[in-house]
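Notes for the structure review
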Amino acid sequence: MKAVLFGATGMVGQGVLLECLRDDAVTHVLSVGRSASGRRDTKLTEIVRDDFLDYSDIAPQLAGYNACFFCLGVSSVGMDAERYRHLTYDITLAAARTLARFNPQMAFVYVTGAGTDSTEQGRVMWARVKGKTENDLLKLPFRAAYMFRPAAIQPLHGVRSKTAWVQAIYVATAPLLSWLVRVAPKYVTTTVQMGRAMIRVARDGYPKPVLESEDINSL
Ligand SMILES: NC(=O)c1ccc[n+]([C@@H]2O[C@H](COP(=O)([O-])OP(=O)(O)OC[C@H]3O[C@@H](n4cnc5c(N)ncnc54)[C@H](OP(=O)(O)O)[C@@H]3O)[C@@H](O)[C@H]2O)c1
């Protein structure tokens, strides 16, 4: 499997990158981000860029992949709706439309979140935006598309959130999360499990396009 990874510097993306580098099923990873991941590996190539809306300058480099793990994303806390929509919907769909054009055999895996609103009509802004993003991704001509909706995620193997307050919460709740991963898989997964499950669905498929925490943990 040759995979494109967005968001490799973030909490989820760091975990997914580690799993891709450990898994022999993944032969090559192309990371696209606004800063380098800091990892060196013979399987890893990185493109660092500022423009996440127009990929025409690097289009040939984005062809020939059969998986995309899209982990780029932000928290809506303290962000106005227009900015959140830009960072969530516009950036994700711009990348996905480009990848779909050059990689019809690709499985696109998007990290969204528990509580995402597929109706796009609910009261919660972030949930509507994520819902529209999911819905429009599912219309693109990929081989397959999967929406991962984790609730809490325990960071493992030194993975850290880029968002300071999220990192602080995960540090403070680390012992509790370790316990909850075991007793409440409906609500908690890990960065390791996220990475493994993404690789698994991209390679083998999954019976439904939207995966909640429990589905992710079952893979
Ligand atoms: N963490 C959780 O517990 C959790 C739970 C459920 C769902 N999620 C979802 O998972 C996704 C990833 O979350 P995370 O926790 O990994 O976030 P994070 O640690 O804050 O990382 C965010 C990632 O997105 C990139 N990014 C942010 N803004 C960008 C921009 N304007 N242009 C280019 N890249 C940008 C960051 O790149 P830089 O390194 O350059 O900043 C980083 O790679 C989000 O959609 C989030 O809603 C997370």
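Residues numbered from 1 in each chain as written. Predicted model: local features only at pLDDT ≥ 70, side-chain atom pairs only at ≥ 80, totals over all residues. Heavy atoms only, no water.

1. So, the overall build of the protein
- Per the secondary structure count, the protein includes seven helices and nine strands.
- For the protein, the C-alpha radius of gyration of 16 Å lies close to 17 Å, the compact-globule estimate for 219 residues.
- Principal-axis analysis of the C-alpha atoms gives the protein an extent of 45 × 40 × 35 Å.
- A burial count over the protein gives 52% of its 219 residues as buried.
- As displayed, the protein offers around 10,400 Å² of accessible surface, 52% of which is attributable to carbon and sulfur atoms.
- The average position of the 26 basic charges and that of the 20 acidic charges among the side chains of the protein differ by 3 Å. (Helix = DSSP H or I, 4+ residues; strand = E, 2+ residues; numbered from the N terminus. Rg over C-alpha atoms; globule rule 2.2 N^0.38 Å. Buried < 20%, exposed > 50% of the residue type's maximum accessible area, 1.4 Å probe, protein only. Areas by Shrake-Rupley, 256 points an atom, 1.4 Å probe, with all protein chains shown as cover. Lys, Arg positive; Asp, Glu negative; His and termini not counted. Charge placed at Lys NZ, Arg CZ, Asp CG, Glu CD.)

2. Here we look at the side chain of Glu-134
- Note on placement: Glu-134 falls in helix α3 (residues 125–138).
- For Glu-134, a relative accessible area of 1% corresponds to the buried category.
- Looking at Glu-134, its side chain comes within polar contact range of the side chain of Thr-112, at 3.2 Å. (Polar contact = N/O pair within 3.5 Å; in protein donor to acceptor, adjacent residues only side chain to side chain.)

3. Concerning the site of the ligand
- The environment of the ligand is formed by 23 residues, the closest being Thr-9, Arg-34, Lys-130, Lys-162 and Tyr-170.
- Gly-7 places a main-chain nitrogen or oxygen 3.3 Å from an oxygen atom of the ligand.
- Side-chain polar atom of Lys-130 to an oxygen atom of the ligand: 2.6 Å apart, as the coordinates give it.
- Within the complex, the protein chains bury 87% of what would otherwise be the 900 Å² of accessible surface of the ligand.
- Here the shell around the ligand is built from residues that sort into 12 nonpolar, eight polar and three charged. (Near = heavy atom within 4 Å. Nonpolar A, V, L, I, M, F, W, Y, C, P; charged D, E, K, R; others polar.)

4. Notes on the pattern of salt bridges
- With the rule as written, the count across this model stands at nine salt bridges.
- Put simply, Asp-215 and Lys-208 hold a salt bridge, and the shortest N to O gap is 3.1 Å.
- Its relative accessible area of 13% is what places Asp-215 among the buried residues.
- Since its relative accessible area comes to 36%, Lys-208 is described here as partly exposed. (Salt bridge = Lys/Arg side-chain N within 4 Å of Asp/Glu carboxyl O.)

5. Let's talk about the state of the cysteines
- Going through the model one piece at a time under the given rule, you end up with zero disulfides.
- Of all cysteine sulfurs, the one in Cys-71 lies closest to Cys-68, which takes part in no disulfide; the gap is 8.2 Å.
- Cys-68 sits in the buried class, given a relative accessible area of 0%. (Disulfide = S-S within 2.5 Å.)

6. A word on the packing of aromatic side chains
- The final tally for this structure, using the stated rule, is five aromatic pairs.
- Between Phe-6 and Tyr-55 the ring centres are 6.2 Å apart and the planes differ by 90 degrees, which places this aromatic pair in the edge-to-face class. With a gap of 49 residues between them, Phe-6 in strand β1 (residues 2–6) and Tyr-55 in the loop between β3 (44–48) and β4 (67–70) connect regions that are remote in the sequence. Each member of the pair, Phe-6 as well as Tyr-55, is classed as buried.
- Consider the rings of Phe-108 and Phe-142, whose centres lie 5.1 Å apart with planes at 20 degrees: the pair is stacked. Taken as a pair, Phe-108 in strand β5 (residues 107–111) and Phe-142 in the loop between α3 and β6 (144–149) lie far apart in primary sequence, 34 residues in all. (Phe/Tyr/Trp six-rings, centres within 6.5 Å; stacked < 30°, edge-to-face > 60°.)

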